[in-house]
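# What the coordinates show
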Amino acid sequence: MKEAELIAIRRQLHQIPELALQEKETHAFLLKTVHSFPQTFLTIRTLPKLPTALLVKVHGQNPQRTIGYRTDIDALPVTEETGLPFSSQHSGIAHACGHDMHMTVALGILDYFAHHQPKDNLIFFFQPAEESKNGGKLAYDMGVFTGDWHIDEFYGLHDRPDLPAGTISTRLGTLFAGTTEINVDLIGKSGHAALPQNANDMIVAAASFINQIQTIVARNVSPTDSAVITFGLMRAGTIRNVIAGRAHLEGTLRGFTQKQIDFLQQRIRDIGQGIAASFNCDVNVDLNQGGYYPVENNPQLTKDFIQYMQADPAVTFAPTGPVMTGEDFGYLLNKIPGTMFWLGVNDPDSQLHAADFSPDEAALAPGVTAVVHFLEHRMAENN
C-alpha cells in the first residue's frame, strides 16, 4: 500500500470517530477496506456478542504458529480543535488518542500479507472499546482466541507524540501502568452543625481516609519503584450548617506490576477498615480494575523485537521508560505473551487525549514497513 493510500485511509477514519462499543461506522469502513484486499489467504470473522469487533486471519503457507496483531478502533469524548480540513464529523468525539493512526498501520500490514502469503498464520484483531469498557478483556473472556483463532504471540503499537515520526520504541518489562478505579462510600450520621456530639461527620472521616491513603506510596512503596494513588472527586454535605452523614470519593490507582497493584489495593482496603473502626462508621471500598492490567512485555519476545529494530538500518529505534498511563492491551498480554511498542508521530507541542492532538502522517509508511519486516523476521525464526 502506497503512502498516499495510507494517508487517505487515515483521513477517512479520522472523520468518523466513535465511542467504545459504538464503532459501527468504523467497523463498516474497516470491513469494506479488508474486502478490497485479495481474499485468497484471508478469513474474516465478526462477533455477534461484540459486533463492532473485527478479526482477520491470514493463512500461512506452512504454519507452525499464529502471530497476532492488535489495533484499537474507538475514540474519545473530546471536541476536536486541530482545524484540519478532515476534522471529526461527529460532534464532541475525536480521535484524540490516535487510534485512526493505529488502524491505518494495521490495515497497511494486513494489505501487505494479503498480497504476500506469510509463512505462519497471522490474526489481526481490530478491537473496540480500549478507552473504556475493557474491549480486550471482553473478547478474551468470550473465548475469541481459542481453537482456530488461538494466538501464540501478540503485538500492538501506540502512537507517541514526543518521538520523531516513524521512530520505534519499547522496553523490557512494563511499558504502561495498570490502573484501578477506586470508589469509596463513608456512611455515618448527619446532624446539626452546632451539635457534633449527636452526629458522625463523614467529611472528617473522608479527610482522614484521604490523608492516610497518601502514606501508602510514601511509606509502603520502595523509593526506587513508582505508584500513584489520586482522589479527584469528593462529594459530601448539602449546606454549611448540617454535618454530612455521607461522603463519596472517587480516585485512581496506578502501578507498574500486577503484584504491586494487588498490594496497593489491599492497603486501601485495610485503611478503609481502620477508618470504619476509628470513626465508628461504615466504609465501603469498591476497587474496579476491569481490563486495565499493566502492559508487561514478554522478556524473550521483546528482547528479540528490540534487537531486530536496532539492527534494521531502515528503523530509528529509541529507548524508553515506563509511563503511568493505562492501556487495555495489558489484559491480553497478561494472558498471551507479546510486546507493545511506541510509534513516534512528532507532535511534541500536544499530548495524547488533547483536543489539538495532530499526529504526523509521515509516521504511517515507516510504521507499516518496520512491522512487516519484523513479522517476516519472526516467521523466519525457529519455533
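In this text the structure is predicted, and so the values were computed from the model without any measurement.

UniProt's feature table lists "domain: Peptidase M20 dimerisation" (unreviewed entry) at residues 181–271, given in the numbering used throughout. Split by type, residues 181–271 is 36% helix and 34% strand. Its first and last C-alpha atoms lie 16 Å apart.

Moving on: the packing of aromatic side chains. Under the definition given, this model contains 13 aromatic pairs. Arranged with centres 6.1 Å apart and planes meeting at 75°, the rings of Y140 and Y331 form a pair that is edge-to-face. In this pair, Y140 sits in helix α4 (residues 135–141) while Y331 sits in helix α8 (residues 329–335), placing the two residues 191 residues apart along the sequence. Residue class for Y140 comes out partly exposed when judged on its relative accessible area of 29%. An aromatic cluster of at least three residues, connected via ring pairs, comprises Y155, F305, Y308, F341 and F374.

The end-to-end C-alpha separation of helix α5 (residues 202–220) is 26 Å, in line with the 27 Å expected for 19 residues at 1.5 Å each. If you check which residues of α5 are buried, you get M202, A205, A206, S208, F209, I213 and I216. Seen from one end, α5 has its buried residues packed into an arc of 160°, which puts them on one side. Exposed residues pointing more than 90 degrees away from the buried face of α5 are listed as N211 and R219. Close packing links the buried residues of α5 with β7 (173–187), β9 (227–236), β11 (246–255) and α6 (258–279). N-cap assignment for α5: the residue whose side-chain oxygen lies 2.9 Å from the backbone N of I203 is D201.

For the rest of this paragraph, the subject is the UniProt feature "binding site: Mn(2+)" (unreviewed entry) in the chain. UniProt tags C97, H99, E131, H158 and H353 as "binding site: Mn(2+)" (unreviewed entry). For this annotated set, covering 257 residues, all C-alpha atoms fall within 12.7 Å of each other, a compact arrangement in space. Apart from residues no more than four positions distant in its own chain, C97 is found in contact with L76, H102, E131, H158, D159, L352, H353 and F357. Within the secondary structure layout, H353 lies in the loop between β16 (338–344) and α9 (364–380). With a relative accessible area of 40%, H353 lands in the partly exposed category. Apart from the residues lying within four places of it in its own chain, the contact partners of H353 are L76, V78, A96, C97 and E131. In this structure the side chain of H353 is engaged in a polar contact, spanning 3.5 Å, whose partner is the side chain of E131.

Formed by 52 residues in total, the largest nonpolar core has its most connected members in I109 and F126. If we ignore the near neighbours within four places in the chain, the residues touching F126 are L30, T52, A53, L54, V56, T71, I73, M103, A106, L107 and L110. Membership of the second largest hydrophobic core comes to 25 residues, among which are I182, I216, L249 and A276.

Let us look at the sheet that holds strand β5 (residues 153–160). Strand order in the open sheet made by the 8 strands is β1-β2-β4-β3-β5-β16-β6-β14, with mixed pairing throughout. The open sheet has two edge strands, β1 (42–46) and β14 (317–319), and neither has a second partner. Neighbour-to-neighbour, the strand axes of the sheet open up by a mean angle of 25°, direction not taken into account. Sheet topology places strand β6 (residues 168–170) next to β16; 2 bridges connect them, and they run antiparallel. Bridge assignment links S169 to a residue of β16, and that residue is W342. Across the sheet, helix α7 (residues 299–311) lies against β5, β6, β14 and β16, angled at about 35° from β16, the strand it touches most.

Conventions we followed
- Residues numbered from 1 in each chain as written.
- Predicted model: local features only at pLDDT ≥ 70, side-chain atom pairs only at ≥ 80, totals over all residues.
- Heavy atoms only, no water.
- UniProt positions renumbered as here; feature names shortened; annotations may be inferred.
- Helix = DSSP H or I, 4+ residues; strand = E, 2+ residues; numbered from the N terminus.
- Phe/Tyr/Trp six-rings, centres within 6.5 Å; stacked < 30°, edge-to-face > 60°.
- Buried < 20%, exposed > 50% of the residue type's maximum accessible area, 1.4 Å probe, protein only.
- Expected span 1.5 Å × (residues − 1).
- Arc of directions from axis to C-beta.
- Contact = heavy atoms within 4.5 Å.
- Polar contact = N/O pair within 3.5 Å; in protein donor to acceptor, adjacent residues only side chain to side chain.
- Core = buried A, V, L, I, M, F, W, Y, C linked by side-chain atoms within 4.5 Å.
- Pairing = 2+ DSSP bridges.
- Axes fitted to C-alpha atoms, helices over the stretch in contact; angles between N-to-C directions.

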